[in-house]
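Listed below, chain by chain, are the residues.
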Amino acid sequence: MKISIIGLGFVGLSFAAVLGSKNFSVLGIDNDPKKIIKIQNNEIPFYEPKLKKFLNSAQKKSLTVSDDLEFAVRSSDLIFITVSTPSLTNGEINLKFIKNVITKIGKTLKKTKNKPLIIVKSTVIPETSETVLLPLLEKFSQKSNGKGFGFLTNPEFLREGRAIDDTLNPHIIVLGGKKNNYMKKLSKFYSILYKKTTPIIITNYSNAELIKYANNSFLATKISFVNQLANICQKIPNSDVDIVATAIGIDPRIGNQFLNAGPGFGGSCLPKDLNALINFSDKIGYKNTFLNAVKTTNVQQAKKILYLLESILGNLKNKKITILGVSFKENSDDIRESVSIKLIRLLLQKNIKISAHDPKALLNIKKIFKDKITYSNTISESLHHSDCAIIMTPWNEYRDLKNSDFKGMRKKNLLDTRRLLSTKKLKLNYIAIGIGS
Ligand code: UDX
């Protein structure tokens, strides 16, 4: 069986690397020539644990990469589309990239006898597959779904920083579309790949699409909920959000994951998917007060860090602040929708000197703030002469910090948004989100 994966971002490249490492014949396609050359040279285009190892193994076995989409369509049995569907400024998703790929696939399908199964892994809002993408494919190929080609939706749930583990061992496979032979083929492919250990949900297009948005919006809801709880705890002396969250998480109806309070959620998925579902609800005439509140809570959480900082330092003018962690989560160099960026923007309006540290994401953040802030490769350099350090991302490096690491600070203030150091006896003014003082 020949497999093509169109779009080599987090989802596509991880999938290609895992399938290739398991000896599946895989062709990875991307339209960015620089990315293709990098991958061919066994370099990874972004930081993701374990990806390099799997990619190297896959390329030695059965993975090739190129920009030849037409060849992929002519020669493949399964074509997974994993291009990005980013947000427009109004929150709506931008279908430009996926429409472009679907159009090219359609044009090639018209010229070939091959009858591949086309699978949309990219996140798309309900009804997009059936009312936007499929009609495009049928128009350009002059063939019909189920006869000249197969067409299914298969949303992806992997997390950045754990992309390989999640691809090796997903918690669910969701397949949407017509229950025909193509559906049987894809279902069989996944049950062989995951040795029947992963549940497979087979449904129609719209349900499959909505499952992805419901999933991410619910995760966002849990985070906004626990962040509000953290803000309540902070007002109650000696109360600790982690103790409360751990206890409620034992209730199986609640579950213990995604209850870590912090500066708010970021990344390329949760904010985008929440916005898109709100926008979609509006469009179909349903004002979603609940999801709007989840979003507002998240926006306010970033501002809360600024208020806390003002309560610690008073006037912020000419103070030096150290930001520890700029990636949106640990084990990633991704800064998309990172709360650290929002915070730095807020701080810059107050004429503050900012020094940023991050184990992996400094190069990315330099592209945004250039010489407006300073960047340090070591934590001690970043803390030098600082008036307050703010832990934003829960990198392990920050969990190991001890008294001696803070000795170069001008004022020993630490604002820990993730409570990484709450149990350590630190000789400094320690303020943590979710812990009442
Ligand atoms: C998310 C979903 O988890 C994944 O299923 C989907 O396919 C893509 O979006 P990802 O964006 O990689 O994955 O990150 P995730 O681990 O979900 O974290 C998102 C944000 O929420 C991060 O900013 C993280 O710091 C924050 N978060 C997460 C919390 O603040 N508290 C938590 O308890 C969990």
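Rules behind the numbers
Residues numbered from 1 in each chain as written. Predicted model: local features only at pLDDT ≥ 70, side-chain atom pairs only at ≥ 80, totals over all residues. Heavy atoms only, no water. 1 Å grid on protein atoms, 1.4 Å probe; cavity = no way out; pocket = protein on both sides within 12 Å on 5 of 7 lines; lining within 4 Å. Points joined across faces, edges and corners; volume = space filled by probe spheres on them. Nonpolar A, V, L, I, M, F, W, Y, C, P; charged D, E, K, R; others polar. Helix = DSSP H or I, 4+ residues; strand = E, 2+ residues; numbered from the N terminus. Polar contact = N/O pair within 3.5 Å; in protein donor to acceptor, adjacent residues only side chain to side chain. Pairing = 2+ DSSP bridges. Axes fitted to C-alpha atoms, helices over the stretch in contact; angles between N-to-C directions. Contact = heavy atoms within 4.5 Å. Near = heavy atom within 4 Å. Areas by Shrake-Rupley, 256 points an atom, 1.4 Å probe, with all protein chains shown as cover. Buried < 20%, exposed > 50% of the residue type's maximum accessible area, 1.4 Å probe, protein only. Right-handed = clockwise from strand over helix to strand, strands pointing away. Core = buried A, V, L, I, M, F, W, Y, C linked by side-chain atoms within 4.5 Å. Parallel < 35°, antiparallel > 145°, perpendicular 65-115°, else oblique. Left-handed = near helix turned anticlockwise from the far one by under 90°.

Student: Provide a residue-level description of empty space enclosed by the protein, including the pertinent values.
Tutor: For the coordinates displayed, the defined rule picks out two cavities of 30 Å³ or more. For the largest cavity, the calculated volume is near 50 Å³. When the residues that make up the lining of the largest cavity are grouped by side-chain class, the tally is five nonpolar, six polar and one charged. There is about 50 Å³ of room inside the second largest cavity. Every residue lining the second largest cavity is listed: Val120, Ser122, Thr123, Val124, Thr153, Asn154, Pro155, Ala208, Glu209 and Lys212. If one sorts the elements of the lining of the second largest cavity by residue count, helix α9 (residues 205-234) sits on top with three residues. Looking at the lining of the second largest cavity residue by residue, the class counts come to four nonpolar, four polar and two charged.

Student: Provide a residue-level description of the side chain of Thr297, including the pertinent values.
Tutor: Position of Thr297 relative to the elements: it lies in helix α12 (residues 289-313). A distance of 3.3 Å separates polar atoms of two side chains, one belonging to Thr297 and the other to Gln228.

Student: Explain the sheet that holds strand β14 (residues 429-432) to me, using residue names and the numbers behind them.
Tutor: Ordered in space as β11-β10-β9-β12-β13-β14, the six strands form an open sheet in which the pairing is parallel. The sheet is open, and its two borders are formed by β11 (374-376) and β14, each paired with just one other strand. Taking the axes of each pair of neighbouring strands and ignoring which way they run, one obtains an average angle of 20° across the sheet. Of the strand pairs in this sheet, strand β9 (residues 320-324) and strand β12 (residues 388-391) are connected by four bridges, and their pairing is parallel. Directly across from Thr322, in β12, lies its bridge partner Ala389. Its contacts with the sheet place helix α13 (residues 339-348) against β9, β10 (353-357) and β12, and it is angled at close to 175° to β9. Docked against the sheet, helix α14 (residues 362-369) engages β10 and β11, running at close to 175° with respect to β11.

Student: I'd like a rundown of the site of the ligand, residues and numbers included.
Tutor: Neighbouring residues of the ligand: 19 residues in total, closest Phe157, Glu160, Asn260, Cys269 and Lys329. One nitrogen or oxygen atom from the main chain of Glu160 is found 2.6 Å from an oxygen atom belonging to the ligand. Lys329 places a polar side-chain atom, nitrogen or oxygen, 2.8 Å from an oxygen atom of the ligand. For the ligand, the accessible surface in isolation is 660 Å², of which the surrounding protein chains cover 93%. Looking at which element gives the most residues to the shell around the ligand, the answer is α9, with four residues. Split by residue class, the shell around the ligand holds ten nonpolar, three polar and six charged.

Student: Could you give an account of the layout of surface pockets, naming the residues involved and the relevant values?
Tutor: One number sums up the size of the second largest pocket: a volume of about 190 Å³. Every residue lining the second largest pocket is counted, 13 residues in all, and those nearest its centre are Glu92, Ile125, Thr128, Phe280 and Lys283. Counting residues per element, the ones that place at least two in the lining of the second largest pocket are α6 (128-141) and α11 (270-283). By residue class, the composition of the lining of the second largest pocket is seven nonpolar, three polar and three charged.

Student: Help me get a handle on the pairing of strand β5 (residues 117-120), residues and values and all.
Tutor: The two faces of β5 match: Leu117 and Ile119 on one face and Ile118 and Val120 on the other face are all buried. Pairing between strand β4 (residues 78-81) and β5: four bridges, direction parallel. Of the residues in β5, the one forming a bridge with Leu78 is Leu117. Where the polypeptide runs from β4 across helix α5 (residues 96-111) and back to β5, its parallel neighbour, the crossover connection is right-handed. Handedness of the β5-α6-strand β6 (residues 150-153) crossover: right-handed.

Student: Before we move on, can you summarise the side chain of His357 with the specific residues and values?
Tutor: Residue position: His357 is located in strand β10. For His357, the side chain forms a polar contact with the main-chain oxygen of Asn377, separated by 3.5 Å. Setting aside chain neighbours within four positions, we find His357 in contact with Ile323, Leu324, Gly325, Val326, Leu362, Ser376, Asn377, Thr378, Ile379, Ser382 and Tyr398.

Student: Go over the nonpolar core with me, naming the residues and quoting the values.
Tutor: Counting residues in hydrophobic clusters, the biggest one holds 41 residues, and the most contacted among them are Ile321, Ile323, Leu347, Ile365 and Ile390. Listed by contribution, the elements that provide at least two residues to this core are α9, α10 (241-250), α12, β9, α13, β10, α14 and β12. Each residue touching Ile390, except ones within four places of it in the same chain, is listed here: Ile305, Leu309, Ile321, Thr322, Ile323, Leu324, Leu343, Leu415 and Thr417. Residues Leu69, Leu137, Phe265 and Leu277 belong to the second largest nonpolar core, which totals 39 residues.

Student: Lay out the packing of α5 against α6 with the relevant residues and their values.
Tutor: Contact geometry of α5 with α6 gives a least axis separation of 7 Å together with a crossing angle of 30°. Comparing the axis directions of α5 and α6 gives the class roughly parallel. In this structure, the crossing between α5 and α6 has a hand that is right-handed. Judged by residue contacts, Ile98, Lys99, Ile102, Thr103, Ile105, Gly106, Lys107, Leu109 and Lys110 of α5 engage Val132, Leu133, Leu136, Leu137, Phe140 and Ser141 from α6. Classifying every residue of the contact of α5 with α6 gives nine nonpolar, three polar and three charged.

Student: Could you give me a rundown of the environment of Ala293, with the residues and numbers involved?
Tutor: Note that Ala293 resides in helix α12. Its relative accessible area of 39% is what places Ala293 among the partly exposed residues. Distance in space between the C-alpha atoms of Ala293 and Ile352 is 31 Å, their sequence separation being 59 residues.

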